[in-house]
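What follows is each chain in one-letter form.
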Amino acid sequence: MAGNLLGSSAHNQWRVSAGQVDMVRAPVLPNPVTLTSRGREVTFDLNRTALLVIDMQNDFCHPEGWLGHIGVDVTPARAPIAPLQSLLPGLREAEVPVIWLNWGNRPDRLNLSPALLHVYNADGESVGLGDPLPVSGAPVLEAGSWAADVVEELKPAASDIRVNKYRMSGFQDTELDSILRNLGVTTLLFAGVNIDQCVLCTLQDANFHGYDCLLLEDCSATTSPTFCLDATLYNVQQCFGFVVGSTELLPQL
C-alpha cells in the first residue's frame, strides 16, 4: 500500500495513510557470521546484532579519572581501546548499531540509593558519585561531565547511540531494552569495563531478557584481580552466553 512510514527504526515501521494502517514490517535478510567459542562454532545474524560498549569512560579509563584518583592503575581498563578502534569502523560500515552504555547520573543523585553511593564513597568523606574530582573538578560519573564522557581515543560517531545507566546493569531503570527491541536486535556483542562488574551484570540481564549474548574477550577488561576475570569468563560461557574474539569477527564484516 502507499502511505507514510511511521517508526524511528527501519526494522520496526508501519506504513500509514488516512484510510489504512499496514503493520507488516519489512523483511530483514539474514547475514550469518560464525565465530569460535571455546572450540565450538557459534553462528548469529549480523543484521540482528548490536554492540554494547560499556563504561569506557574517563572516570574508569583515564589516569585523572575517579579510579586513578583513588590509586587504581587504569592500564588494564585501557586494554579494550585498541581492539575497539579496529572493530568499530567495520561494524558501522556493516550498519551494526553501536551503543555506548555509560554511567551518567543525575546531578541531584535522587535516583541513587545509599547502598549504591556507598560503593564509591565507603566512609562518607571520600570523592564519590557527583563529587568533583581533585584534578579536573568534573563531577564523578555525572551526565554531561568530562568524568562521564567516553575516552578521547574512542569518540562515538554521530550514528552511534548513547544510553545512560545508573546501576551495574544497563537494563535497570533505563530505556535500553526498548531501544534494542525497536532496532529488531536479538544478539548482543559485549565490550568494555569492568568485565566482572557492569559488563557481566548487563550481560546477565540481557540473557534474562532473552537476548543472545556474545562477550568479546579481547574488547573487555577489568582492574579487578585475575581470579575475577577468570570466574567471569567461565560463568559467561557456562551459563549466560559465549566468549568470542573480535579478531575472528573483523574479516567477516
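All of the points below concern the structure found in this document. As the structure is a prediction and not an experimental result, all values here were calculated from the model.

Conventions adopted
Residues numbered from 1 in each chain as written. Predicted model: local features only at pLDDT ≥ 70, side-chain atom pairs only at ≥ 80, totals over all residues. Heavy atoms only, no water. Helix = DSSP H or I, 4+ residues; strand = E, 2+ residues; numbered from the N terminus. Rg over C-alpha atoms; globule rule 2.2 N^0.38 Å. Contact = heavy atoms within 4.5 Å. Expected span 1.5 Å × (residues − 1). Buried < 20%, exposed > 50% of the residue type's maximum accessible area, 1.4 Å probe, protein only. Arc of directions from axis to C-beta. Pairing = 2+ DSSP bridges. Phe/Tyr/Trp six-rings, centres within 6.5 Å; stacked < 30°, edge-to-face > 60°. Axes fitted to C-alpha atoms, helices over the stretch in contact; angles between N-to-C directions. Right-handed = clockwise from strand over helix to strand, strands pointing away. Parallel < 35°, antiparallel > 145°, perpendicular 65-115°, else oblique. Nonpolar A, V, L, I, M, F, W, Y, C, P; charged D, E, K, R; others polar.

Within the protein, the regular secondary structure consists of 8 helices and 11 strands. Scaling as 2.2 N^0.38, a compact globule of 253 residues should have a C-alpha radius of gyration of about 18 Å, and the protein matches this with 19 Å. Reported as C-alpha extents along the three principal axes, the dimensions of the protein are approximately 65 × 50 × 30 Å. Counting only contacts in the protein whose residues sit at least 6 apart along the sequence, the fraction spanning at least 24 positions is 66%.

We now examine helix α7 (residues 226-240). Across its 15 residues, α7 extends 20 Å between first and last C-alpha, which sits within 8% of the 21 Å expected from 1.5 Å per residue. Residues of α7 that are buried include every one of Cys228, Thr232, Leu233, Val236 and Phe240, and no others. Each buried residue of α7 sits inside an arc of 135° when the element is viewed along its axis, so together they form one side. Turned more than 90 degrees away from the buried face of α7 sit Thr226, Phe227, Tyr234 and Gln238, all of them exposed.

Its place among the elements puts glycine 124 in the loop between α4 (114-120) and β8 (161-165). Distance from glycine 124 to serine 159, taken between C-alpha atoms, is 40 Å for residues 35 residues apart in sequence.

Okay, the sheet that holds strand β3 (residues 21-22) next. Strand order in the open sheet formed by 3 strands is β1-β2-β3, with antiparallel pairing between adjacent strands. Only two strands of the sheet have a single neighbouring strand rather than two, namely β1 (4-9) and β3. Here 4 bridges tie β1 to strand β2 (residues 12-16), and the two strands are oriented antiparallel to one another. Looking at the pairing, leucine 5 lines up with arginine 15 of β2.

Bringing the packing of aromatic side chains into the picture now. This model, assessed by the stated rule, comprises 4 aromatic pairs. Plain terms: the ring middles of tryptophan 66 and tyrosine 120 are 4.8 Å apart, the flat faces sit at 55° to each other, and that makes the pair tilted. Placement of tryptophan 66 in helix α2 (residues 66-69) and of tyrosine 120 in helix α4 is noted, with a sequence separation of 54 residues between them. The burial state of tryptophan 66 is the same as that of tyrosine 120; both residues are buried.

The next thing to look at is the sheet that holds strand β11 (residues 242-244). Hydrogen bonds along the backbone pair up the strands of a sheet, which may run parallel or antiparallel. Ordered in space as β8-β7-β6-β9-β10-β11, the 6 strands form an open sheet in which the pairing is parallel. Of all the strands in the sheet, just β8 and β11 have a single pairing partner and so form its edges. Taken over all neighbouring pairs, the strand axes of this sheet differ in orientation by 25° on average, direction set aside. Of the pairings in the sheet, the one linking strand β9 (residues 187-192) to strand β10 (residues 212-220) comprises 5 bridges and is parallel in character.

Turning to the pairing of β10, a few remarks are in order. For the handedness criterion, the β-α-β arrangement of β9, helix α6 (residues 198-208) and β10 is classed as right-handed. Where β10 and β11 come together, 3 bridges link them in parallel fashion. What sits directly across from leucine 216, in β11, is valine 244. As a crossover connection, the stretch from β10 through α7 into β11 is right-handed.

Our next topic: the packing of α6 against α7. Where α6 meets α7, the closest approach of the two axes is 11 Å, and the angle between their N-to-C directions is 5°. Between α6 and α7, the angle is such that the two are roughly parallel. Between α6 and α7, the residues in contact are Leu200, Leu203, Gln204, Asn207 and Phe208 and Thr232, Val236, Cys239 and Phe240, respectively. Partitioning the contact of α6 with α7 into residue classes produces 6 nonpolar, 3 polar and no charged.

Attention now moves to the environment of threonine 75. Tracing the backbone shows threonine 75 in the loop between α2 and α3 (81-93). Note on threonine 75: relative accessible area 53%, which makes it exposed. A C-alpha to C-alpha distance of 16 Å links threonine 75 and leucine 154, two positions 79 residues apart in sequence.

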